[in-house]
Amino acid sequence: MTDRDPDFSDRVTRLERVWANLPGLGTLAAVNHTTVGLRFMVTGAAFFLVGGLLAMLMRTQLALPEQDIISPEIYGQLFTMHGTVMMFLFAIPILEGLGLYMIPKLIGARDLVFPRISAFGYYCYLFGGLIILSSLFLGIAPDAGWFMYTPLSGEEFSPGPGSDFWLLGITFVEISAMAAGIELTVSILRERANGMSLSRMPLFCWYILAMALMIVFGFPPLILASVLLEVERAAGLPFFDVAGGGDPVLWQHLFWLFGHPEVYIIFLPAAGIVSTLIPVFAQRPIVGYRWIVLSIILTGFISFGLWVHHMFTVGIPLLAQAFFSVASMLVAVPTGIQIFAWLATLWTGRVIFSLPMLWIFGFLVVFVGGGLTGVMLALVPFNWQVHDTHFVVAHLHYVLVGGMLFPLMAGLYYWLPLLTGRMPSESLGRLGFWLFFIGFNATFLLMHLTGLRGMPRRVYSYEAGLGWDWLNLLSSVGGFILAAGVAVIIIDVILHLRYGRRAPRNPWRADTLEWALDKPPPTYNFVSLPTFRTRHPLWEHPELPESIASGQHALAGAEHDRRETYGSDAVTGKVREVFHLPSNSWLPLLAALSLAVVCVALLVRTYDVALVGVVAAAVFLLRWGWVNGAHPGMAPLSNDEPTDPPLHSRTTDGPGLWGMVVTLMANGTLYLCLIFGWVYLWTVAPEWVFPEDPRLPLSGMLVSGGLLVIAALLQHRAAKRLAAGNAAGLQARLWQAAGLGAAHFAVLLWLTLEAPLEPTGNSHDAVLLMLLIYLLFHGALAALLTAMQALRVARGYIGVRLPYEPVVLRPLWIYTTGIFWLGVVIFILLPAGWAP
Amino acid sequence: MMFRRLAAPMLLGTLLGLAGCSGPLSTLDPAGPSAATAALLWWGMFAAFSLVWLAVVGLWLYAMFRQPASDDPARARRIEKRWIIGGGVALPVVSITVLLAYGIPAGHSMLPLPLDKGESLEIHVTAHQWYWEVMYPESGIALDDELHIPAGKPVDVHLRSADVIHSFWVPRLGGKLDAVPGRTNVQRLQADEPGSYRGQCAEYCGVGHAHMKFTVTAHTPEDFEAWKRQETQGDD
Amino acid sequence: MRHRAVHPAHLVLGLVVWAVWFVAMYGGLSVACAVAPPPVADGALTWVNGLLLLLTAFTAAALLYAAWRCWLAARAEDDVSGDARSRFIPVVSATVHLSAAMAVLAIGVPTIVLPPCP
Ligand code: HEM
Ligand SMILES: [Cu+2]
Ligand SMILES: [Cu+2]
């Protein structure tokens, strides 16, 4: 920012003011992606240190045979919390944070599409994480392993609050994952710089898009399972309890239906880092861009077809196991394609071997090892031997640490200059790497042999003389070397903040847009928004940083005193609208705090306080929904509005609709999992019975459903006419739809209360009750939101020039109608027809 | 330089692996057909995958330090095809095919299918927190934490659980199988020679998990009959 | 022949079909074994295996056909615009359909040799 005319510096000052976080404590109201992304990553790193500490305690106990430094009770808490913290509070959040932080910078946008949602997600993560962690200090941490198998984690065998901490806390944290998943999906699809077609998208964005969509489809099974188990524990509804007609294996299916994709949710963004760094250090474009995109898509799907490989010893037909075995091996193909595409890039490039490349090399060595043992584990007869032994512990650390932590460290060293404006030290960094690398392999390489020699996992102690003694000792020594490496890296990062050399504009001579930014990046990222003509903007247009900073591209400054960025077509990347984005807001923090109250209240089982929390959260969320569109706090109608392109809230296909559809995809997955649970228990659970008399009168259901259909049709008509420019009778029609929706809800509620259900007595009624609650919630939500929109019509926030909002609600109505009728068919008609 | 640092631990691991297979719970010291098959699978995969690993790491190192002669795009495309199709697609596909060709029949051979001739011995095992309750349905013999079987004959262990999920595992005889509440799983075991084999619970089942051990004693057929007689007489 | 541009949904459609097929295979097998397990002595020659194989063959054929159509569209795109970028979606879609077909065939193969229920 050198010589400029005063008028222009005024504009930049104004831009800065509009995008600034509030001063002092007001920074807690920040919503912009740079701040929130950084908070995610720093918090994740702190949790990594906690998880690492727990690991060192375990390694101390296992160093010698027959030690009793740690009791079996505490050891159970240690491995459960280590796994839980590492997976849920470190790996996933830190990668989400990286995505939130990087994506707008890579796609040439100023912020994500739903900034308040990412801030909300952060607070849910922080509070949930702290709640889970507090159990450790209270000495009542969960202790049934990070996959919480029932019945061990159930009320009978884990009576204390340990399991509740896990179930409630993790569900709370998962809100943040869902938020990030939806946020990133819509942002990547709808917010790319002008001209950035899908085929010009940096590979990192493809990886993050896949991760985000996998979160959207992968987390609902876990959320459902956690809710069901918590309800079973707290209220006695038998979902997993055999005597009541449940089945513990249902938990395993739901957990791993999430758990395996999760591993790839962790791996894909890390591979995205590798795909970003390798071309930069090889000084040439990536080889096989399309091949890599294909691999990403393949991995994203196939990883959903592997979950049973965690359950090969449960006693499932061998043919079914074979399906999963083959599928598990097939994922090696896309992984192989990526590894060899990276190899070919290095092969044809001139490689600069800097510190980040060292970590990439460490990644390769460790991850390929872990991948190969993974293929071994996918072979059923071999799996029967090594499943649940230290062989698996070794394997999972090779893939997780190799496939995630090594690339993450590479990324840390690579992007550190961007974050802080200073270069890290090469010498200390190398020392840290070698300590980490040697320590890691010393810990885990020999552990394969420990497992093959029969040491099961999750044992707090072992007899001497079984051939495990010196192997464990070496692993523990290795663990401490590894810890020393982590310490060196932390010191290196801290020192560099003070003593690091100032970083030049583009220190690694990279091709992607984030290096066009000032360091550290301003909250608005770009002074003006450039148009994309190539996959490698900075290589082909080295003058971009200058021209962006001097406002030579579009949307320079903040003309309307509000946060704005471009919205574009999902495929071609052509600009379609101007997104106006919310500014600092306390609502995310308040809503998350209310949910934290709910979470703690449920933990101590004081349900009236929980109810207060729920109401408070609902109030804050509705208020949040209110401050949108043409609300004076957002983008009120005015006479000098941009029309080419228009503001997004003046159109009918904006990000809100996309967000709604993606949310409903997640929601639909949850619903399908509930149906799966129903059909599964029906066909498999040994004690499952259908009650003698039907629980719900079909006629009543038809009435309730009929009302719902009419309401949905009315809402649909209203939205359609408004989109066509006709607002006559809009408000009345919306009130009618809301009223009919409320009637639907009332009838359904009456049917539920009248039904002779015995939900604590048998799992048929328990699952049915969950279905009814789910339908009731959606009925109420659709009616409530439509009533709110009717009010907004009265206030002038919805109208001919503002047709945006009813279109957003339309999919919710369709969805609500769909789940109702599907529910009637599968939960009422099908059983009646099957067993008359 | 770096390569040597990596090669050393790898080599060490290999040597140790070869030297140290024995052990009372070692899967690499098989004493029955299922365990022998699994061990064989391990050695095959270990040898093949070590080669793959060395080759991939070696190629990467070479690729990083070589200086390409020209920037010719046509050449680059050839290299792309060669590595991605050859290494990325063909290598995994071939490895998988070979693996499954051995692995699927191997898994099949471990199933408790009806025997061509003769009957297998049936033993009922119920897992508890934290011990194994053993029952011989024919003779009514009941024991805790020990099984007795005839050597050289297939035995079908019918597994149930009285509380949480456990996993029944005798590493030297064969793979593990879970004991799940509400189900009965059948595990086929066979010991080739008389002897004593250790087993343990492999699925975490609470604080006593580490100590949930048992033994399987294989007798010659004559000794087994004698043992049975002695047990049934001792009872009444 | 005239070709319409390939819809971007084809980037994932093949694998969506794969996923549905996979659920049908696993679900169908599980329900069949729970409701009417064929005798163990029949080995792999049972009606369950037959149905699963039929489903596999049909799905793979459909996916191969889709791959071929996308491939033709990519070629046509080449003739019209000569721009490599506009081939991106058809080409990737074709490979996705092809990969999905291969995955269906590979995962279906064990049905030939293994008995369904034990
Ligand atoms: C930093 C060095 C690390 C060390 C020394 C270490 C050590 C250990 C140890 C000793 C166990 C328990 C084994 C058992 O008794 O079964 C364990 C389990 C586990 N670790 Fe780590 N770990 C490390 C890093 C990580 C990382 C980075 C992740 C994930 C991103 C991770 C994920 C897990 C998981 C999921 C488990 C299984 C927990 C369970 O059995 O419930 N670990 N680790
Ligand atoms: Cu998995
Ligand atoms: Cu046990």
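Residues numbered from 1 in each chain as written. Chains lettered and ligands numbered in written order. Predicted model: local features only at pLDDT ≥ 70, side-chain atom pairs only at ≥ 80, totals over all residues. Heavy atoms only, no water.

(A) Region of the structure containing the sheet that holds strand β8 (residues 185-189) of chain B. Residue and element names in this part refer to chain B. With mixed pairing, the 5 strands of this open sheet are ordered in space as β3-β2-β1-β5-β8. Looking at the sheet topology across the chains shown, the edges are occupied by β3 (142-144) and β8. When strand polarity is set aside, the average angle formed by the axes of neighbouring strands in this sheet is 25°. With 7 bridges connecting them, strand β1 (residues 121-128) and strand β5 (residues 155-161) associate as parallel partners. Within the sheet, the bridge partner assigned to His 124 lies in β5 and is His 158. (Pairing = 2+ DSSP bridges. Helix = DSSP H or I, 4+ residues; strand = E, 2+ residues; numbered from the N terminus. Axes fitted to C-alpha atoms, helices over the stretch in contact; angles between N-to-C directions.)

(B) Structural detail: the domain arrangement of chain B. Taken domain by domain, chain B comprises domain 1 (33-66 + 80-109) and domain 2 (121-232). Taken over C-alpha atoms, the centre of domain 1 of chain B sits 35 Å from the centre of domain 2 of chain B. (Domains from an automatic or database assignment.)

(C) Structural context of the interface of chain A and chain B. Across the contact, 89 residues belong to chain A and 88 residues belong to chain B. When chain A packs against chain B, the two sides together hide about 7,700 Å² of surface, and 74% of this comes from carbon and sulfur. For chain A, the biggest contributors to the area lost against chain B are Phe 340, Trp 347 and Gln 385 of chain A; these three give 11% of the whole. Our count for the chain A to chain B interface comes out at 3 salt bridges. Where Glu 463 of chain A meets Lys 213 of chain B, a salt bridge forms, and the shortest distance between an N and an O atom there is 2.9 Å. Summed over the shared surface of chain A and chain B, the number is 16 residue pairs in polar contact (both at pLDDT 80 or more). Secondary-structure elements contributing two or more residues to the side of chain A that touches chain B are α3 (72-107), α7 (248-282), α9 (318-330), α10 (332-348), α11 (355-377), α12 (380-386), α14 (426-452) and α20 (655-684) of chain A. A per-element tally of the side of chain A that touches chain B places α10 of chain A first, with 13 residues. Split by residue class, the side of chain A that touches chain B holds 62 nonpolar, 17 polar and 10 charged. (Contact = heavy atoms within 4.5 Å. Buried area = accessible area lost by both parts, 1.4 Å probe. Salt bridge = Lys/Arg side-chain N within 4 Å of Asp/Glu carboxyl O. Polar contact = N/O pair within 3.5 Å; in protein donor to acceptor, adjacent residues only side chain to side chain. Nonpolar A, V, L, I, M, F, W, Y, C, P; charged D, E, K, R; others polar.)

(D) Local environment of the interface of chain C and chain B. Contacts between chain C and chain B engage 6 residues on the former and 5 residues on the latter. When the two sides are added together, the surface that chain C and chain B hide from each other amounts to roughly 420 Å², 90% of it contributed by carbon and sulfur. Looking at the side of chain C facing chain B, the largest losses of area belong to Val 40, Leu 114 and Pro 118 of chain C, adding up to 60% of the total buried there. At the surface where chain C touches chain B, the tally comes to 0 salt bridges. Across the chain C-chain B interface, the total number found is 0 residue pairs in polar contact (both at pLDDT 80 or more). For the side of chain C that touches chain B, the class distribution of residues is 6 nonpolar, no polar and no charged.

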